[in-house]
Every structure is written in structure tokens, then in C-alpha cells.
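# Fold and contact review
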Amino acid sequence: MEEIKHKFIEVNGLKLHVAEIGSESSQAVVFLHGFPEIWYSWRYQMIAMAKAGFRAIAFDYRGYGLSEQPTEPEKTTFLDFDNDLLGLLNALSIPKAFLVGKDFAAFVISLFAVLHEERVSGFVTIGVPFMLPGPSDYGLPEGFYITRWMEPGRAEADFSRFDAKTVVRKIYILFSRSEIPIANENQEILDLVEPGTPLPYWFSEKDLAIYGAKYEKSGFQTALQVPYRAMAEQLNVTARTVQVPAMLIMGEKDYVLKFPGIEDYIRSEELKSLVPKLEIIFMPEGTHFVQEQMPAEVNQLLLSFLLHNKST
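Think of each chain on its own: its residues are numbered from 1, step by step along the sequence as written. It should be noted that, the model being predicted, local features are given only for residues of pLDDT at least 70 and side-chain atom pairs only at 80 or more, the latter also being counted only at that level, while totals for whole chains, interfaces and linings use all residues. Side-chain figures throughout are based on the complete set of non-hydrogen atoms in the structure, without hydrogens or water.

## Regarding the UniProt feature "domain: AB hydrolase-1" (unreviewed entry) in the chain
Here is the rule: UniProt positions are given in the numbering used here, feature names are shortened, and annotations may be inferred rather than shown by experiment. Strands are runs of DSSP state E lasting at least two residues, helices are runs of H or I lasting at least four, and both sets are numbered from the N terminus onward.
If you check UniProt for "domain: AB hydrolase-1" (unreviewed entry), the listed places come out as residues 28-258 in our numbering. As annotated, residues 28-258 has a helix share of 35% and a strand share of 13%, and its two end C-alpha atoms lie 33 Å apart.

Right under this line is the structure:
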């Protein structure tokens, strides 16, 4: 971990926190985190990729972790995140990179691949397939966590009862389960986790302390905007076929797989038509945080993909 270097790079008027390991002359792999995560969720993968000869880069999105807050977090969009990624590649003089993203980072990568395919050597998404962000009718009860968190003020009131470390603890526990988080009518989402519930075996108190300290600094305002509230916005971007090599890693115990229509979409001809060079890997014991839960297995899958497509 001490070999990972940290710096701040100004992109689109904001200082973004960037972690990096590996030779600058090596092919770049840029990691994009989900929620409630920061660059640190890729610690195992970054070290493994650098040892294999790649330049591994992970950054905190604007408003997350140590990166600077936008002046109006409530107006932040997925396009802002994509423009930051483009700006970061330009600032680091990287003409083309592999992109690896988990959770809602799949939206960021999908959008980037559609808009800037010439800058993408290939991409891997974990837990969410290739799809553009936009309004979606999940067909789930009112207590569905995304529906709740899209409501201005609802999550803020829920989260404000606890310190940032406890909020992250509860969400990590909640998202590690195989059931979709759905609260009862008079229950808040964080109350789905009983006090005293242990952390997943693969997530230490030390890990939690690192996440907690970073969210204590950043708060959750931008994180609630993107992904949750920004998902309701209709972007003026149309999905099209992306010809770069791609991989989807899906844990079979990831609750996202139970979202209505998701598994059908993953196995559909529609997805294959949009990403014809897509390889799909199902991990039987994998949960939502499979890159932290099973780092050796995920690292092997990533290395196999990267080495096979290195010259692309």
C-alpha cells in the first residue's frame, strides 16, 4: 500500500484526489469506484495490476473522498463525472486506457465508451452491466432504497442520525447481502441493519475507519446526487454499439442481480448487440463488493482480460 502514490490534479476547475502505482510508460488501467466507496476499494487490484506491468490509477470522484466538492453538488450529473474522467486522461497524457468500474461506475463507463470510444482500450464492469444512466421504473415497493434516496432530504435525515463511519458500516453490511434493500413504510433504510451486526468477514475495522474518515470529510451530498438523484435525469445520449473488448463480472449473490429485468438483460441479445465483444463471468459466491470479498479471483480475471487485450 505504501507504494501507491497520491496527488491532486486540477480537472474542470476542481482538485481531484488521484492514487497511482506502476510505471508511467506502461499501459494505463483506470479504476472507478461505486458507493459508498472511494479509490481505496481498488487497493488489491491496483497493486496486482502494477506488479503485472500496468499503470494502475484510481481517483475519488468530485465530491467524494479527498476530491474537491463542486460548488453546487445538487446539480452534478453523470456527464460531469465523464468529463472529469476525460480531463484526467488528458492531464495525465494518457491517449487510451482500460477502464474498470464497479456498481454505478458501469453507467460512467458506458457513457464514456459511447461518447469517447477512441480513448478506451477495453472496459470491465463489476456488478452492473453496460447501460446508460436514465430514468427507470424498477417496479419495486416505495421502500426500495434507490427510490428512498432519490427523494431530496430523505436519506439526509436517515444518515444524519449517525456519524459517517456508522453510515458506511451499515451500507456495507446492507449491500453485502443477497436481498434487495427495501424498508417498510415507517422504517428508514439504515434501520434495516440491526445495531451490533458484524461487518462482512473480508472488511476490517481498519478498512471501515479509512472509509469513515473520508466520508466524514466529504459528507454524502454529492454521493446522493450521483448516482441516485442524477439517475432521474434524461441525458441527450443514445446507446449505440461499442466495439471495444469488454467484460462483466457478476456475483451470483449480488442483490443487484435480483433487480427486475437485470438478469434477463444480462443474458439478452440486446446487450450482446450493444457490446458484441463482451465476455460475461458469473462468480457463484460473489456479492456486491466482490473485488474486496474475493480479490485474488477478481485480480486473475482482470489480468487475463488485460493481457489478452493489451495491444488493442
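Right, picking up where we left off after that structure.
## Quick word on unusual backbone geometry
Just so we agree on the cut-off: To sort residues, take the accessible area from a 1.4 Å probe on protein chains only and compare it with the maximum for the residue type: under 20% means buried, over 50% means exposed, and anything in between is partly exposed.
In the segment running from Phe-35 into Pro-36, the intervening peptide bond is cis, with an omega of 5°. Cis peptide bonds are those with omega within 30 degrees of zero, and the linkage from Val-226 to Pro-227 qualifies with 25°. Even without being glycine, Asn-12 reaches a positive phi, approximately 50°. Inspection of the secondary structure puts Asn-12 in the loop between strand S1 (5-11) and strand S2 (14-21). Note on Asn-12: relative accessible area 49%, which makes it partly exposed. Positive phi, close to 60°, is recorded for Asp-103, a residue that is not glycine. Judged by relative accessible area, which is 8%, Asp-103 ranks as buried.

## Concerning the sheet that holds strand S6 (residues 120-126)
Within a beta sheet, neighbouring strands are joined by backbone hydrogen bonds and run either parallel or antiparallel to one another. To keep things clear, this is the line we draw: Between any two strands, pairing holds if DSSP finds at least two bridges. Axis lines are fitted through C-alpha atoms, for helices just across the contact stretch, and the angle between N-to-C directions can take any value from 0 to 180 degrees. The contact criterion used is simple: two residues touch if any of their non-hydrogen atoms lie within 4.5 Å.
Taken in spatial order, the eight strands of this open sheet run S1-S2-S4-S3-S5-S6-S7-S8, and their pairing is mixed. The sheet is open, and its two edges are formed by S1 and strand S8 (278-283), each paired on a single side. Going from strand to strand, the sheet's axes swing by 20° on average, the running direction of each strand aside. Bridging between S2 and strand S4 (residues 55-59) involves four bridges; their strand directions are antiparallel. By the bridge assignment, Glu-20 is partnered in S4 with Ile-57. Running at roughly 110° to S1, helix H2 (residues 78-91) makes contact with S1, S2, strand S3 (28-32), S4 and strand S5 (97-102) of the sheet. Sitting on the sheet, helix H3 (residues 105-115) is in contact with S3, S5 and S6, with an inclination near 150° to S5.

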